[in-house]
Amino acid sequence: METNLCVGGFGGQGVMTLGKFLATATCDSTDKNVTFFPSYGAEQRGGTANCFVVISDEMVGAPLGDVMDDLIVMNEPSLVKFLPALKQGGNLFINSSIVDESTIDRSDVEIIKAPVTEMAYEMGNSKVLNVIMLGVYVGYTEVVSPEVVWGTIEHKLASKAKLLPLNKEAFEKGLEIGRSYR
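Note that the structure is predicted; figures quoted are calculated from it, not measured. Chains are numbered independently. Their residues run from 1 in the order of the written sequence. Residues qualify for local features only when their pLDDT is at least 70, as the model is predicted, and side-chain atom pairs are given and counted only at 80 or more; totals for whole chains, interfaces and linings, by contrast, use all residues. In computing side-chain values, all of the structure's heavy atoms are included and hydrogens and water are not.

A.B. asks: Describe unusual backbone geometry, listing the residues and the values that go with them.
C.D. replies: Despite not being glycine, Glu-142 shows a phi value in the positive range, around 55°. Residue placement: Glu-142 occurs in the loop between helix 4 (129-141) and helix 5 (146-156). In this text, helices come from DSSP runs of H or I with a minimum length of four residues, and strands from runs of E with a minimum of two, each type numbered from the N-terminal end.

A.B. asks: How would you explain the sheet that holds strand 2 (residues 33-40) if you had to name every residue and give the values?
C.D. replies: Spatially, the 6 strands line up as an open sheet ordered 2-3-1-4-5-6, and their pairing is mixed. Two strands bound the open sheet, and with one partner strand each, they are strand 2 and strand 6 (110-114). On average, each strand axis in the sheet is tilted by 15° relative to the strand beside it, whichever way the strands run. Alignment of strand 1 (residues 2-10) against strand 3 (residues 48-56), held across 9 bridges, turns out to be antiparallel. From the neighbouring strand, Thr-3 faces strand 3, where its bridge partner is Ile-55. Contacts are residue-level and defined by heavy atoms, with any inter-residue pair within 4.5 Å sufficient. In this description, a line fitted to the C-alpha atoms serves as the axis of each element, helices being fitted only across the stretch in contact, and the angle between N-to-C directions of two axes falls anywhere from 0 to 180 degrees. Along the sheet, helix 4 makes contact with strand 1, strand 4 (68-73), strand 5 (86-95) and strand 6, crossing strand 5 at roughly 145°. Here, a strand pair is defined by DSSP locating no fewer than two bridges between the strands.

A.B. asks: Before we move on, could you go through the packing of aromatic side chains and cite the residues and values that matter?
C.D. replies: Where two aromatic rings form a pair, the distance of their centres and the angle of their planes describe that pair. Any pair of Phe, Tyr and Trp rings, taking the six-membered ring for Trp, is counted once the centres come within 6.5 Å. Such a pair is stacked with planes under 30 degrees apart, edge-to-face with planes over 60 apart, and tilted for the rest. This model, assessed by the stated rule, comprises 4 aromatic pairs. A centroid spacing of 5.1 Å and a plane angle of 70° characterise the contact between Phe-93 and Tyr-137, whose relative ring orientation is edge-to-face. With Phe-93 in strand 5 and Tyr-137 in helix 4, this residue pair connects regions lying 44 residues apart in the sequence. Centre to centre, the rings of Phe-93 and Tyr-140 are 5.7 Å apart; their planes meet at 80°, and the pair counts as edge-to-face. Taken together, the positions of Phe-93 in strand 5 and Tyr-140 in helix 4 put the pair 47 residues apart, joining distant regions of the chain. Each member of the pair, Phe-93 as well as Tyr-140, is classed as buried. Through a chain of ring-to-ring contacts, the aromatic side chains of Phe-93, Tyr-137 and Tyr-140 assemble into a single cluster. Partly exposed describes any residue whose relative accessible area lies between the buried limit of under 20% and the exposed limit of over 50%, with all areas from a 1.4 Å probe on protein chains only and scaled to the type maximum.

A.B. asks: Just give me the short version of the environment of Asn-33, but keep the residues and values in it.
C.D. replies: Counting through the fold element by element, Asn-33 comes out in strand 2. For the pair Asn-33 and Val-60, spaced 27 residues apart in sequence, the C-alpha to C-alpha distance is 6.7 Å. Beyond its immediate stretch of four places on either side in the chain, Asn-33 contacts Val-54, Ile-55, Ser-56, Asp-57, Glu-58, Met-59 and Val-60. Polar contacts, as counted here, are pairs of nitrogen or oxygen atoms within 3.5 Å of one another; within protein the pair requires one atom able to donate a hydrogen and one able to accept it, and residues that are adjacent in sequence qualify only if both atoms are side-chain atoms. A distance of 2.8 Å separates a polar atom in the side chain of Asn-33 from the backbone oxygen of Glu-58.

A.B. asks: Requested: an account of the nonpolar core, with residues and values cited.
C.D. replies: Among buried residues, those of type Ala, Val, Leu, Ile, Met, Phe, Trp, Tyr and Cys that are joined through side-chain atoms within 4.5 Å constitute a nonpolar core. If you look at the biggest cluster of nonpolar residues, it comprises 44 residues, and the most contacted ones within it are Leu-22, Ile-72, Leu-134 and Ile-153. Residue assignment for this core shows that the elements contributing at least two residues are strand 1, helix 1 (15-29), strand 3, strand 6, helix 3 (116-123), helix 4, helix 5 and helix 6 (164-180). Take this core: its biggest share by element is 9 residues, from helix 4. Of all hydrophobic cores here, the second largest spans 15 residues; its members include Val-73, Leu-83, Ile-94 and Val-109.

So, in structure tokens, the structure goes:
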């Protein structure tokens, strides 16, 4: 089995961190093969950013595919750019706080909505929106166990221990949303 994921958004939304957390968790805790391929726009914060994560039982031949199984879009430009690459029957995860669902002109994909920007602000820290969305993705797809992903987040944020409770809450909220769509 192979899963091709593209995550797209603005710089500063934690797109790369989301992809790294997923790739690292999978690589460190399973026997699957993983690639992580980041792509940055010319700008940093506020510019475009996207990454590709491939998780496979077999060797990964190329880090990028023309067709994605799953697509996470954190902003409207990423929806426009990457939606054509989402396969028929694929899963589209949208940040419904800023992505307008009415612009999605495909009925052949599963749409999983989560207002992650709004939720992060309500939690008091806009930087956890990526952790919420990672929870949504893991909760829906179960591509990697939530415990393994949380263990990676916990390890990566160990030097910032005061952020762990907020990130744990964000991840759990995301898991709930993802599971509710199953």
